[in-house]
Structures are given as C-alpha cells and as structure tokens.
Amino acid sequence: MEIKEIDMRGQICPSTFITALREINLNKNEIKSETLKLVFITDNRDSTVTIPETAENMGYGTTVTKEEHHYRIEIFAARQ
Amino acid sequence: MKSIIHKLFGESDLERLTSENRMLREAQFRQIEYIRKKTNQLLLLMGTLPIRPEELDDDTLIGIDPIGVVAESFVQILGHEKDLNERLRVAHDEIQAILASVGIGIMVLDSNMNVQIYNQRMLEMFGLDEGRLSGKTCCQVICGSDSYPPNCAFERIMETRRPVHQTDWVQNGKHFEVSGVPVKNRFGDVTQVVLAYTDITRRIETERNLRDREQMYLDVFENAGDIVQCVAPDGSFIFVNRAWREHLGYSSDEIAGLKIWNIIAPENRTDCIEHFNSLLKGGQLSEVETVFFSKDCKELPVKGHVTISYSNGKPMATFGMFRIEQGDISSASGQQS
C-alpha cells in the first residue's frame, strides 16, 4: 500500500482541516480501494480531533499517534 | 500618465471607468465575504473553527475553493450515512427475525422502565394486547402495578448495573426464568435493559409431580416389610428402608459410612462382590440368595432380586428387595412373615 505523507506543521485549524479534507477528497478512490494511506503530520492539537472525527463520519478509519514534536494522523479504508 | 489617459479616453470615459472599477471591487468584496460566511457556516457544521482572514487571504480562499472541498466531503458523509442506515436496517431486520423465532419472551426497556421493544412470544406469554404496551412501564404491563414488584429484575439491574438471573419468578401463578442484561453507554450508564422470560410453569409442575411421586414410592418402600436397599456403584447406600435398619441394626448416621460388603456375611462376601461388579458391567441377576450380617454380628439369610438403573448409559444405582429366609437368627426376625 502506498503512503502519502502531508506535512502540515505550522498550519492551524481550520486551515489544516480544509487541507486534509481536500487531500481525502482527491484520493478517496485510492483510499477506499486500500491502495493508499494518507498520513498528516501536524503540530496543531485541535486537528487531532477535527480531522479524524470528520474522516470517520466520511467512512474512513483513522489513528492518531503522538510523536516527539508533532502528531501523526493516519487515514485509511475502514474495516466493514 | 493622467494627461495621457485624458488624451486617450477623455474626461467622461475616465469617470465611467473609475466608477465601474469601484463597483467591481465592491462586488468582489461582497463575493469574498459571501464565500467566507458560507465556508464558516459549513466549518461550524463540521465542528471546527471559522477561517480567520489572516489564515487565508482572498486569492488563496478562491484558489482552494473551501466550499467545494467541504461540499464534496459532505457528499462522502451522506454516502457513508446511507451505507450505515442500510446496514442498520439489515441488522434491525435480523434482530426482529431472531426475536420472532426464539421461543422465549424478550422485552427491551429504557432506563425509565418504559417498554421499547418486545417480541410476539412476550405478548403470548403474558396475554398482552400490542396496543397496550405503548408508553407503559414494564410494571404496569406485566405486573399491573405502578411500583416495582418484589424481586424485580429491572430494579436490581439498575441498582447493580450487572446482569441478573432469576430461576423462578412467579407472576399470576405462572413461573418464569428471567434473565436480564444492562445495555450501557460509553459513560457506563445503563440506558436500556433487555429482559428474557422463559415460561417454566410446566417444568415446575412436572418436577413437583416427580417429587410427589418419588416421595410416594419412598413411603411405599420405607414401610414395606421386605428389606429394601439402593446402592451406589461405589458400594455406598443411597437408600435403605425401615425394615433394613431394624434387621441390620444400623442408625442413619452409621449407614452413611457403610458399604454393601460390610453387611454381607464373611463367607458370602466374595460371591456378593462378584455379583455386584457383574451387575455394574451389564450382567443380569435372577434371584439372589445371600446372608446379611447385622451390626451385632447376627447372620440373616435372605433371598431377593437386584436390578440396576442407568443414567446416560452409566450405572447409577442397584436396587434390591430381600426377604428373610428360614434360619434367621436376628432379633428382628419375628417381625418378618
């Protein structure tokens, strides 16, 4: 599976949110067919709530992990 | 520059162009404001913050088309909701089919004890009309009361937040086995209670009849003049009757520690053990003749029959009835005919 990493460090919500939604929309077919996983790197804490919550409402699976100086949000095809 | 423009267009054209330019800028400002306002409405709906002007300048705002981005996300959200609704509908139909097919009454109550869901068996079990359940509590519907009955499963579940099982709950002369399970939300609060009722009235009656019949047989054997004994495969006594106790002289407490070979005369013991083991292995015994040995060491020649009963294919107990023969030298022999 291909992994596309988008570094959004320095951006704050809702700019990060719109960026993430745009990337998800652009890659929806690849994500749903499990050929692509999106990884957002952000240092904005609000984004760790808004992005996963909306992505899950859109039917995707998400994980959020805290790394040393940033957060890693993964968006992938949800298991049925 | 101004003089060049004056020469090219003239004074009136310049004023017109300036006015048109101002109008265009005002129109663009209104459009930008509209886009920001609508974008912020959508973002608020998505649960995030509005866009600050310093975050996205006007050109970037138009460039990234936030309304388009959010609108497309909404299309996916609605599509996902549609899928979820379809899956919920299928799950609902499956649950309804399960509820309809099981032979037990099932009822789902909310945390205020109001009836939410029930199956057909529940209506049949308690003789309820479907219309009577709407907006009523379980107490009102099942118990005909506004307060909790004694041993109310719902009350106990709400108190303990744990599943409850009642082996014999009686209502209107009928017996029920009741199992209740709490349904909790993510905070651990009980939001619903699922109660399952099994009508065990017939089973209870059957068990009572069996117990009555068992007692009747026990009375018959207890009062029989013959010696009656019921022996477990390990040789211990399950039951002995009064004649047995009187002839052999053991008290009930002593019988608990006895084995069958303890009451057989020493010279008959080996044969008796062989017969007993043969019987346990499926052998048949016609008439049995042996000599019992009482507590006070008196010999009692007996003749009788021994049968064996099985449970799940395994020997459960031997049942013997004996009559004291001539040569009885026990003190109780005079009671025998």
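A. Focus on the overall build of chain A. Within chain A one finds 3 helices and 4 strands. In terms of overall dimensions, chain A is globule-like: its C-alpha atoms have a radius of gyration of 11 Å, near the 12 Å expected for 80 residues. When the backbone C-alpha atoms are referred to their principal axes, chain A occupies close to 30 × 20 × 20 Å. Within chain A, residue pairs in contact and separated by at least 24 positions form 65% of the contacts whose partners lie at least 6 positions apart.

B. The state of the cysteines, seen in detail. Residue and element names in this part refer to chain B. As enumerated under the stated definition, the model contains 0 disulfides over all chains in all. For C143, which is in no disulfide, the shortest distance to another cysteine sulfur is to C139 and amounts to 5.4 Å. The thiol of C272 is not disulfide-bonded; the next cysteine sulfur, from C230, is found 15 Å away. What makes C272 buried here is its relative accessible area of 17%.

C. Representation of the domain arrangement of chain B in the model. As assigned here, chain B comprises domain 1 (2-79), domain 2 (103-203) and domain 3 (223-335). If you average the C-alpha positions of domain 1 of chain B and of domain 3 of chain B, the two centres end up 108 Å apart.

D. Examining the nonpolar core more closely. The biggest cluster of nonpolar side chains holds 29 residues, and the ones touching the most others in it are A:I24, A:L38, A:F40 and A:I75. Residues contacting A:I24, with those up to four places away along its chain left out, are A:I31, A:L38, A:F40, A:A55, A:M58, A:Y60, A:I75 and B:Q76. Residues B:L133, B:F154, B:V164 and B:V178 belong to the second largest nonpolar core, which totals 27 residues.

E. Spatial organisation of the interface of chain A and chain B. In this complex, chain A contributes 21 residues to the contact, which on the side of chain B involves 19 residues. Summed over both partners, the interface of chain A with chain B comes to about 1,700 Å²; 59% of that surface belongs to carbon and sulfur atoms. Sorting the residues of chain A by area buried against chain B places A:P14, A:I18 and A:N25 first, and these three jointly supply 30% of that buried surface. Scanning the region where chain A abuts chain B turns up 1 salt bridge. The partner of A:K28 in a salt bridge is B:E72, and the shortest N-O contact between them spans 3.4 Å. Counting every contact that joins chain A to chain B gives 5 residue pairs in polar contact (both at pLDDT 80 or more). Of all the secondary-structure elements, those providing two or more residues to the side of chain A that touches chain B are helix 1 (15-26), helix 2 (28-32) and helix 3 (47-57) of chain A. In terms of residues, the side of chain A that touches chain B owes the most to one element, helix 1 of chain A, which gives 7 residues. Grouping the constituent residues of the side of chain A that touches chain B by class yields 9 nonpolar, 7 polar and 5 charged.

F. Local environment of the sheet that holds strand 1 (residues 105-110) of chain B. Residue and element names in this part refer to chain B. An order of 2-1-5-4-3 is seen for the 5 strands of this open sheet, with the pairing classed as antiparallel. Looking at the sheet topology across the chains shown, the edges are occupied by strand 2 (115-118) and strand 3 (164-171). Taken pair by pair, the neighbouring strands of this sheet meet at an average axis angle of 25°, ignoring direction. Relative to the sheet, helix 6 (residues 153-160) contacts strand 1, strand 3, strand 4 (174-184) and strand 5 (190-199), its axis offset from that of strand 5 by approximately 145°.

G. Here's a closer look at the sheet that holds strand 7 (residues 237-240) of chain B. Residue and element names in this part refer to chain B. Taken together, the 5 strands give an open sheet; going across it, the order is 7-6-10-9-8, and neighbouring strands pair in antiparallel fashion. At either end of the open sheet lies a strand with only one pairing partner, and these are strand 7 and strand 8 (287-293). Strand after strand, the sheet turns through a mean of 30° between neighbouring axes, direction not considered. Lying on the sheet, helix 7 (residues 201-222) is in contact with strand 6 (227-231), strand 7 and strand 10 (314-324); it crosses strand 7 at an angle near 70°. Against the sheet, helix 10 (residues 266-280) touches strand 6, strand 8, strand 9 (299-311) and strand 10, its axis set at about 15° to strand 9.

H. The arrangement of the packing of aromatic side chains in detail. Applying the stated criterion across every chain yields a total of 11 aromatic pairs over all chains. When the centroid spacing of 6.2 Å and the interplanar angle of 75° are considered together, the rings of B:W261 and B:F276 count as edge-to-face. Here B:W261, found in the loop between helix 9 (252-255) and helix 10, pairs with B:F276, found in helix 10; they are 15 residues apart in sequence, far enough to count as distant. Judged by its relative accessible area of 8%, B:F276 falls in the buried class. Within the aromatic cluster, the residues linked to one another by ring pairs are B:F126, B:W169, B:F176 and B:Y197. The positively charged end of A:K66 is found above the aromatic ring belonging to A:Y71, 5.1 Å away from the centroid.

I. Region of the structure containing the pattern of salt bridges. Applying the stated criterion across every chain yields a total of 21 salt bridges over all chains. The salt bridge involving B:D93 is made with B:R89; its shortest N-O contact spans 2.9 Å. Taken together, the residues span about one helical turn, with B:D93 and B:R89 both in helix 3 (residues 66-101) at a distance of 4 residues. Take B:D93: its relative accessible area is 38%, and that puts it in the partly exposed class. Here B:E177 makes a salt bridge to B:R203, at a shortest N to O gap of 3.7 Å. Of this pair, B:E177 sits in strand 4 while B:R203 sits in helix 7, and the two are 26 residues apart along the sequence. The class of B:E177 is partly exposed, set by a relative accessible area of 22%. Accessibility expressed as a relative area gives 42% for B:R203, which makes it partly exposed. Taken together, the shared-partner salt bridges connect A:E5, A:K37, A:R72 and A:E74 into one network.

Cut-offs used in this document
Residues numbered from 1 in each chain as written. Chains lettered and ligands numbered in written order. Predicted model: local features only at pLDDT ≥ 70, side-chain atom pairs only at ≥ 80, totals over all residues. Heavy atoms only, no water. Helix = DSSP H or I, 4+ residues; strand = E, 2+ residues; numbered from the N terminus. Rg over C-alpha atoms; globule rule 2.2 N^0.38 Å. Contact = heavy atoms within 4.5 Å. Disulfide = S-S within 2.5 Å. Buried < 20%, exposed > 50% of the residue type's maximum accessible area, 1.4 Å probe, protein only. Domains from an automatic or database assignment. Core = buried A, V, L, I, M, F, W, Y, C linked by side-chain atoms within 4.5 Å. Buried area = accessible area lost by both parts, 1.4 Å probe. Salt bridge = Lys/Arg side-chain N within 4 Å of Asp/Glu carboxyl O. Polar contact = N/O pair within 3.5 Å; in protein donor to acceptor, adjacent residues only side chain to side chain. Nonpolar A, V, L, I, M, F, W, Y, C, P; charged D, E, K, R; others polar. Pairing = 2+ DSSP bridges. Axes fitted to C-alpha atoms, helices over the stretch in contact; angles between N-to-C directions. Phe/Tyr/Trp six-rings, centres within 6.5 Å; stacked < 30°, edge-to-face > 60°. Lys NZ or Arg CZ within 6 Å of the ring centre and 35° of its normal.

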